[in-house]
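Overview (structure and organization)
Chain by chain, the residues:
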Amino acid sequence: MSFDLSLPIAIGNDHAGVEYKMAVKQWLQHKGFVVNDYGAMTTDSVDYPDFAHPTAASVENGVCAFGILFCGSANGVAITANKHQGIRAGLCWDNEVAKLIRLHNDANVICIPARFVALPYALQMIETFMNTAFEGGRHANRVGKIACQ
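Just so it is clear, the model here is predicted, and its values are computed rather than measured. (Residues numbered from 1 in each chain as written. Predicted model: local features only at pLDDT ≥ 70, side-chain atom pairs only at ≥ 80, totals over all residues. Heavy atoms only, no water.)

Located in the positive-phi region is Ala74, a residue other than glycine, with phi close to 75°. With respect to the helices, strands and loops of the structure, Ala74 is situated in the loop between β3 (67-71) and α3 (75-81). The phi angle at Asp106 is positive, at roughly 50°, despite the residue not being glycine. A relative accessible area of 15% means that Asp106 is categorised as buried. (Helix = DSSP H or I, 4+ residues; strand = E, 2+ residues; numbered from the N terminus. Buried < 20%, exposed > 50% of the residue type's maximum accessible area, 1.4 Å probe, protein only.)

Right under this line is the structure:
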C-alpha cells in the first residue's frame, strides 16, 4: 500500500532537529505538499516525547499520510512514536533502510538522526520512504503480528 499523498505530511522534532525540520518542511512545500508541523521551533532544550506523540497521533488518526521525526539519535522519537498502536516508526540512517522499512514493515513514520545523517542524505531517504509501497505478501502476516492485543 502507498501513502495517500493528498493528505498532509506530519513532521516533528526536538531541539536537535530544528534545522533539519525547517529544511525538510520547505523542501516538501516546494514540491507542493502540505506539512503539519508538530515540532520544536527553537534549539532550546525540550523533551522529545512532547513532539513525537502529536506527530504520531496525527498519522495514527488518519489526519496525515505519514510522519517524519528528527532528534539527535532518532532513537527517542522512534521509541515514543512506536508506543502508538497504529504506528510503525523506523529508525533510518541509510537509503536502503528507508526503502526496506516501507517494503517489509509498512512503516508510516521515518525517524532520522539529525546529528548523524547529512541533510542531503536525509532528503534522499525521505523521498525513498514516501515513494516506496508496502510489498505485502509474506510481510503482511508479520506486520499483522506487531500490535499488542
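Attention now goes to the packing of aromatic side chains. Per the stated rule, a full pass over the model turns up 4 aromatic pairs. Summarising the aromatic geometry, the rings of Tyr20 and Phe70 are spaced 5.8 Å apart at their centres and angled 75° between planes, so their arrangement reads as edge-to-face. Here Tyr20 is found in helix α1 (residues 18-30), whereas its partner Phe70 is found in strand β3, with 50 residues between them in sequence. Phe70 shares its class with Tyr20; the two are buried. With a centroid separation of 5.6 Å and an interplanar angle of 65°, the aromatic rings of Phe66 and Phe129 are classed as edge-to-face. Of this pair, Phe66 sits in the loop between α2 (49-60) and β3 while Phe129 sits in helix α5 (residues 119-131), and the two are 63 residues apart along the sequence. Using a relative accessible area of 0% as the deciding quantity, one classes Phe66 as buried. Among the residues examined, Phe129 registers a relative accessible area of 0% and is labelled buried. (Phe/Tyr/Trp six-rings, centres within 6.5 Å; stacked < 30°, edge-to-face > 60°.)

Following the sequence through the fold, Asn95 ends up in helix α4 (residues 95-103). If we skip the residues at most four places from it in the chain, Asn95 touches Tyr121, Gln124, Met125 and Thr128. (Contact = heavy atoms within 4.5 Å.)

On to α5. The end-to-end C-alpha distance of α5 is 18 Å, a good match for the 18 Å that 13 residues give at a rise of 1.5 Å each. Those residues of α5 lying buried are Ala122, Leu123, Met125, Ile126, Thr128, Phe129 and Met130. On the buried face of α5, the contacting elements are β1 (9-13), α1, β3, α4 and β5 (109-113). (Expected span 1.5 Å × (residues − 1).)

Another point: the pattern of salt bridges. Evaluated as defined, the whole model comprises 5 salt bridges. Residue Lys25 pairs with Asp37 through a salt bridge whose shortest N-O separation is 3.1 Å. Of this pair, Lys25 sits in helix α1 while Asp37 is found in strand β2 (residues 35-37), placing the two residues 12 residues apart along the sequence. Of the charged contacts in the structure, one is a salt bridge between Asp106 and Arg88, with a shortest N-O distance of 3.3 Å. Linking Asp106 in the loop between α4 and β5 with Arg88 in the loop between α3 and β4 (89-91), this pair joins segments that are 18 residues apart in sequence. Salt bridges here are not isolated pairs; linked through shared partners, they connect Lys21, Lys25 and Asp37. (Salt bridge = Lys/Arg side-chain N within 4 Å of Asp/Glu carboxyl O.)

Roughly 210 Å³ of internal volume is contained in the largest pocket. Broken down by class, the residue content of the lining of the largest pocket amounts to 7 nonpolar, 2 polar and 4 charged. One number sums up the size of the second largest pocket: a volume of about 180 Å³. Tallied by class, residues from the lining of the second largest pocket come to 7 nonpolar, 5 polar and 2 charged. (1 Å grid on protein atoms, 1.4 Å probe; cavity = no way out; pocket = protein on both sides within 12 Å on 5 of 7 lines; lining within 4 Å. Points joined across faces, edges and corners; volume = space filled by probe spheres on them. Nonpolar A, V, L, I, M, F, W, Y, C, P; charged D, E, K, R; others polar.)

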